[in-house]
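Given next are the chains, with one letter for each unit.
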Amino acid sequence: MIALEALKGRLVDGLLEVQKEEGYVARERFIFNRGATDEQLALLPAWTADDYQTFLRQHNGAKLFQQESLSHNDGFELFSIEDCLTYSEIWECPEDFLAIGAGPDGEWIVYEMNRPAENRIWSGEFLNFEEGEEDAMPFGFERWLDYLIVVQGTPFWEWFR
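The structure presented is a predicted model; accordingly, all values stated were derived computationally and were not measured. (Residues numbered from 1 in each chain as written. Predicted model: local features only at pLDDT ≥ 70, side-chain atom pairs only at ≥ 80, totals over all residues. Heavy atoms only, no water.)

S.K.: Where do I start with helix α4 (residues 81-90) in this structure?
M.R.: In an α-helix, one turn spans 3.6 residues, which is why side chains three or four residues apart end up on the same side. Those residues of α4 lying buried are I81, C84 and S88. The buried side chains of α4 occupy one side of the element, clustering within an arc of 50° when seen end-on. In α4, those exposed residues whose orientation departs by more than 90 degrees from the buried face are E82, E89 and I90. Summarising the contacts, the buried residues of α4 are in contact with α2 (38-41), α3 (50-58) and β5 (97-102). Positioned one or two residues after α4, E92 has a phi angle of 55°, which is positive. (Buried < 20%, exposed > 50% of the residue type's maximum accessible area, 1.4 Å probe, protein only. Helix = DSSP H or I, 4+ residues; strand = E, 2+ residues; numbered from the N terminus. Arc of directions from axis to C-beta. Contact = heavy atoms within 4.5 Å.)

S.K.: I keep staring at the packing of aromatic side chains and nothing clicks. Help me out?
M.R.: The description of an aromatic ring pair uses the distance of the two centres, along with the angle that the planes make with each other. For the coordinates displayed, the defined rule picks out 19 aromatic pairs. When the ring of Y111 is compared with that of F141, the centres are 6.4 Å apart and the planes differ by 40°; the resulting orientation is tilted. Linking Y111 in strand β6 (residues 108-112) with F141 in helix α5 (residues 141-150), this pair joins segments that are 30 residues apart in sequence. Assigned by exposure class, Y111 and F141 land together as buried. The rings of Y52, F55, F76, Y111, F139, F141, W144, Y147, F156 and W157 are connected pair by pair, giving a single aromatic cluster. (Phe/Tyr/Trp six-rings, centres within 6.5 Å; stacked < 30°, edge-to-face > 60°.)

Here it is as C-alpha cells:
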C-alpha cells in the first residue's frame, strides 16, 4: 500500500491541504486506527481478500479526507472489522460481499471478493447487488484506495455515471 504510506508521510498533525474539484482547497483530517490483532482478523470470513487484510493489519479502520473541524462526517470512513461485520448484516450483503466503509453523504462502500475474475468495489447510496452492476468498479481494495488518494478524496467513480 505504497500510496497510503506516502499519504501518511505528508500529514502534519493528521492534516493535509488538498485541492478538490472546481479549485476548492481545504485542510482535511486523517485518523488511522491501530492495526487489527490476529484474533480480530480471525472474525473475518475465510474468503476475505489479502489486500484488505493487509490494510486491516495496519489500520483496523480509518477516517480519510474529513473536514478539519470534524463537525460532521463528510469524508470517508473505512470500517473496523467489527463495523464491517455489523454493516454487512444491516445492509444485507450477499455471501462474498463485505461492507468496508461509508463515503460522503453516507454512500455504502462494499467489497465483492472471492470472484473467479478480479475482485470489485461497489459504491452507492443503496446497493442492489442483483441488478446494480453499474455500481461495481472493476478492481480491488488496494487499487481503489490508491485512486482515492490520488484524486484527494473525490468520489472518482461518479465522474463516469
